[in-house]
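Here are the chains, one letter per residue:
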Amino acid sequence: MESTKIINIVHNNEKLSVDTAYNLKNSLISLGYKVSNIFDHSAELIICIGGDGTFLRALRDHGFPSIPIIGINTGHLGFFTEITPKEIDSFLSKYIAKDYTIQEITPIEAIICTRSNCIDAIGINEIVIKGDKSRTIHLDIYVNNNLVQRFSGDGILISTSTGSTAYNYSAGGSIVDPSLNVLQITPLAPINTNVYRSFTSSIILPSDAIIKVNPEYRFEDYLVVVSDGLEHRHNSIVEVDARLSESKIKMVRLESYEFWSRVTSKFL
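Attention in this report is confined to the structure presented alongside it. (Residues numbered from 1 in each chain as written. Predicted model: local features only at pLDDT ≥ 70, side-chain atom pairs only at ≥ 80, totals over all residues. Heavy atoms only, no water.)

Some details on the overall build of the chain
Quick reminder of the rule: Secondary structure elements follow DSSP: runs of H or I no shorter than four residues count as helices, runs of E no shorter than two count as strands, and numbering proceeds from the N terminus. Here the globule rule reads 2.2 Å times residues to the power 0.38, and the radius of gyration is calculated from C-alpha atoms. Summary of the burial criterion: residues with accessible area below 20% of their type's maximum are buried, those above 50% are exposed, and those between are partly exposed, where the area comes from a 1.4 Å probe applied to protein chains only. The contact rule is simple, with two residues in contact once any of their heavy atoms fall within 4.5 Å. Where accessible areas are quoted, they stem from the Shrake-Rupley method and a 1.4 Å probe; at the residue level, only the protein chains shown are allowed to cover. Charge assignment in this entry is limited to Lys and Arg as positive and Asp and Glu as negative, and neither His nor the chain termini are counted. To locate a charge, take atom NZ for lysine, CZ for arginine, CG for aspartate or CD for glutamate.
Regarding its fold elements, the chain presents 5 helices and 17 strands. Taking 18 Å as the expected radius of gyration for a compact globule of 268 residues, we find that the chain reaches 20 Å, a close match to that expectation. Considered along the principal axes of its C-alpha atoms, the chain spans approximately 70 × 40 × 35 Å. Residues counted as buried form 51% of the 268 residues belonging to the chain. By sequence separation, contacts in the chain at least 24 residues apart represent 68% of the contacts at least 6 residues apart. Surface summary for the chain: the accessible area is close to 13000 Å², and the carbon and sulfur share equals 49%. Distance from the positive charge centre (24 side chains) to the negative charge centre (30 side chains) of the chain: 3 Å.

Concerning the nonpolar core
As a reminder of what qualifies: As used here, the term nonpolar core means buried Ala, Val, Leu, Ile, Met, Phe, Trp, Tyr and Cys residues forming a set that is joined through side-chain atoms within 4.5 Å.
Counting residues in hydrophobic clusters, the biggest one holds 26 residues, and the most contacted among them are Leu139, Ile156 and Ile211. At the level of secondary structure, the elements contributing two or more residues to this core comprise strand 6 (108–114), strand 8 (126–131), strand 9 (137–143), strand 10 (146–160), strand 11 (183–190), strand 13 (211–215), strand 14 (222–227) and strand 16 (237–244). Look past the residues within four positions of Ile211 in its chain and what remains in contact with it is Ile141, Tyr142, Ile158, Leu183, Ile185, Leu205, Val240, Asp241 and Ala242. Counting residues in each nonpolar core, the second largest holds 20 residues, with Ile72, Phe91, Tyr95 and Val252 among its members.

Points about the pattern of salt bridges
Operational definition: Each reported salt bridge corresponds to a side-chain nitrogen of Lys or Arg within 4 Å of a carboxyl oxygen of Asp or Glu.
Applying the stated rule across the entire model yields 4 salt bridges. With a closest N to O distance of 2.7 Å, Lys15 and Asp19 form a salt bridge. With a gap of 4 residues between them, Lys15 and Asp19 both fall in helix 1 (residues 15–30), about one helical turn apart. Lys15 sits in the exposed class, given a relative accessible area of 62%. Take Asp19: its relative accessible area is 33%, and that puts it in the partly exposed class.

Some remarks on the environment of Ile237
Turning to its location among the elements, Ile237 is positioned in strand 16. A sequence separation of 23 residues divides Ile237 from Asn214, and the C-alpha atoms of the two residues are 8.3 Å apart. The residues touching Ile237, leaving out its near neighbours within four places in the chain, are Ile112, Cys113, Thr114, Pro215, Tyr217, Leu223 and Val225.

So, the packing of helix 1 against helix 3 (residues 88–96)
For clarity, the threshold we go by: Axis geometry follows a simple rule: fit a line to the C-alpha atoms, using only the stretch in contact for helices, then measure angles between N-to-C directions, giving values from 0 to 180 degrees. What makes a crossing left-handed is the near helix being turned counterclockwise from the far one by less than a right angle; a clockwise turn instead makes it right-handed. Charged residues are taken to be Asp, Glu, Lys and Arg, nonpolar residues to be Ala, Val, Leu, Ile, Met, Phe, Trp, Tyr, Cys and Pro, and polar residues to be all remaining types, Gly included.
Put simply, helix 1 and helix 3 touch, their axes get as near as 11 Å, and they point 35 degrees apart. Here the hand of the crossing between helix 1 and helix 3 comes out right-handed. Between helix 1, through Thr20, Leu24, Ser27 and Leu28, and helix 3, the contact on the second element is made entirely by Ile88, Asp89 and Leu92. Grouping the amino acids of the contact of helix 1 with helix 3 by side-chain chemistry returns 4 nonpolar, 2 polar and 1 charged.

Things to note about the pairing of strand 17 (residues 249–254)
Applicable threshold: Two strands are counted as paired when DSSP detects at least two bridges linking them.
Among the 6 residues that make up strand 17, 5 are buried, leaving the element largely enclosed by the rest of the structure. Inspection of the sheet shows strand 5 (residues 100–105) paired to strand 17 by 6 bridges, in the antiparallel sense. Note on strand 17: the bridge partner recorded for Gln103 is Met251.

Describing the environment of Phe64
Structurally, Phe64 can be placed in the loop between helix 2 (52–61) and strand 4 (69–73). It is 11 Å that separates the C-alpha atoms of Phe64 and His41, two residues lying 23 residues apart in sequence.

Describing the pairing of strand 7 (residues 118–123)
Burial along strand 7 is one-sided: Ile119, Ala121 and Gly123 are buried, while Cys118, Asp120 and Ile122, pointing the other way, are not. Summarising the sheet, strand 6 and strand 7 pair through 6 bridges and their orientation is antiparallel. The residue of strand 7 that forms the bridge with Ile111 is Asp120. Count of turn residues in the strand 6/strand 7 antiparallel hairpin: 3 residues.

Rendered as structure tokens:
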């Protein structure tokens, strides 16, 4: 990666994040870098300061850029944000020495079609399809045009490998090593009775799988589709198609990063 000497700093409005951004900017300037006052798409690096929500918002707000990104954790869980404010000097030394690797992660894309138009949605972690006001919904789920399930329950969650440790994990889905580029369908409160039969565990699908979901409306003509916490509310949704994106998010990883060590420290 050829250096442009421009670095974007993105942060939330929490005091610790603001103070960290101020100190980081001064450190970068002293090292000969330019820190843009507005997001610069020609920058060589994005440094995001905050928690996982700030990290996901930064990617979404700036169009999921191809610029490598690393996070400084001033939030709570901090699964995406790899380093702490106390480790900034150490990180900068390693960055200048190119003592890091780039890990590519693949977002999930969805096309939400109503009776009148189609809307695109993208998520790093997941796409969720659920009923409005916690109503039971009925969904026909297809994989590569083959009917897999007539689902009844609160909804379904379609996650990436990266998102397997997020909402998917809370919903009882499997944790997937991010080196495995897969999709996972996890049921949300599935119904199993003599009338409705739904799968109760998650399904793992290969990276080229195309998932199509057709709602069967029995009450309100309304669904909610959520991508990384961002709600898409539309009447008369007739189909949602989801698949892994062809674009990649480039994560800067230091030598000390190891996925399963982070899983152990964050969840166990």
